[in-house]
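Architecture and fold: a report
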Amino acid sequence: MPNPMKIRATASGDHTEVKVLMSHIMETGQRRNAAGEPIPAHFIQTVKVEHAGRTVLSAQWGPGVSANPWLAFRFKGGAKGEAVRVTWVDSKGESRSDETSIA
Amino acid sequence: MSPDRRTLLRHASSAGVMSALMAWGGWPAQATAQTASGWNKAAFDGQKLDEVLAALGGTKAEAAGDVVLLAPDIAENGAVVPFTITSKLPGTKRIALLVEKNPTPLIAVYDLADGTLAEIQVRAKMAQTSNVYALVDDGRRRVFAVKEVKVTLGGCGG
């Protein structure tokens, strides 16, 4: 099981600001190891952020996103205590879903 | 863009329905070969800017001040270059980031729901000094902003 994400969701005015730091190697498949063999690609491909049963943001990522990816955005609505769930799926089919409540 | 799409998105909870909708997408469906997981393999595998744009489908993009790409002038570490993309187009549906001289230029594509602000922060790898494009689509127009970022230490390969 991959390491948990760090998610912070903060209500400010009529918006909720979501900041996510994921833990992932984001290997491009371009690099070679010491023996000169290619290191296989391993990166997050899709990310979904849900609030109150609806997807507020969905993303497709390539290997060009930095290791331990960062995601920050805002959406309208959201009240303190409500849940925000972030889910990612990577190129090896591994996935991770974490939830936080809006502060 | 039919108004039904938003309604559908709101009710689409299963992954299957989601990916079907994403395959349909906000961009014209031409040449959008999506994988089952809703990941546009053709676009992410494209090695030239033209290939990526073709795989993303849609009309020609125009340069306009409606998109703001915030990026450093010089990136000391190409492994982590911070970008902020802001669109002033009302009803922005999709935001994409491309680094022209990376082995695969397409970095990320974001699909925004109604009420999600068109301002996204992302950290990307840059192999070398390159033009960086922020591409934005509101369902009718496609506009981009471009900025050159100088890289002193590359973040790909090595």
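Scope of this entry: the structure provided in the associated data block. (Residues numbered from 1 in each chain as written. Chains lettered and ligands numbered in written order. Predicted model: local features only at pLDDT ≥ 70, side-chain atom pairs only at ≥ 80, totals over all residues. Heavy atoms only, no water.)

The full count for this structure, using the stated rule, is 12 salt bridges over all chains. Across the pair Asp98(A) and Arg96(A) runs a salt bridge whose closest N-O atoms are separated by 2.9 Å. Judged by relative accessible area, which is 13%, Arg96(A) ranks as buried. A salt bridge links Asp73(B) to Lys147(B); the nearest nitrogen and oxygen atoms lie 2.6 Å apart. Taken together, the residues Asp73(B) in the loop between strand S2 (67–70) and strand S3 (74–75) and Lys147(B) in strand S9 (residues 142–151) connect sequence positions 74 residues apart. (Salt bridge = Lys/Arg side-chain N within 4 Å of Asp/Glu carboxyl O. Buried < 20%, exposed > 50% of the residue type's maximum accessible area, 1.4 Å probe, protein only. Helix = DSSP H or I, 4+ residues; strand = E, 2+ residues; numbered from the N terminus.)

Looking now at the side chain of Arg96(A). All names here are of chain A. In this fold, Arg96 is placed in strand S7 (residues 95–101). For Arg96, the side chain forms a polar contact with the main-chain oxygen of Pro2, separated by 2.9 Å. Separated by 2.9 Å, the side chains of Arg96 and Asp98 make a polar contact. (Polar contact = N/O pair within 3.5 Å; in protein donor to acceptor, adjacent residues only side chain to side chain.)

Turning our eyes to something else, we now look at the nonpolar core. A general trend in soluble globular proteins is that nonpolar side chains are found buried together. One finds Met22(A), Trp61(A), Leu71(A), Phe83(B) and Tyr110(B) to be the most contacted residues of the largest nonpolar core, which totals 64 residues. Counting residues per element, this core draws most heavily on strand S6 (residues 106–112) of chain B, at 6 residues. Aside from chain neighbours lying at most four places away, what touches Leu71(A) is Val18(A), Lys19(A), Val20(A), Met22(A), Val47(A), Val49(A), Leu57(A), Trp61(A), Tyr110(B) and Gln121(B). (Core = buried A, V, L, I, M, F, W, Y, C linked by side-chain atoms within 4.5 Å. Contact = heavy atoms within 4.5 Å.)

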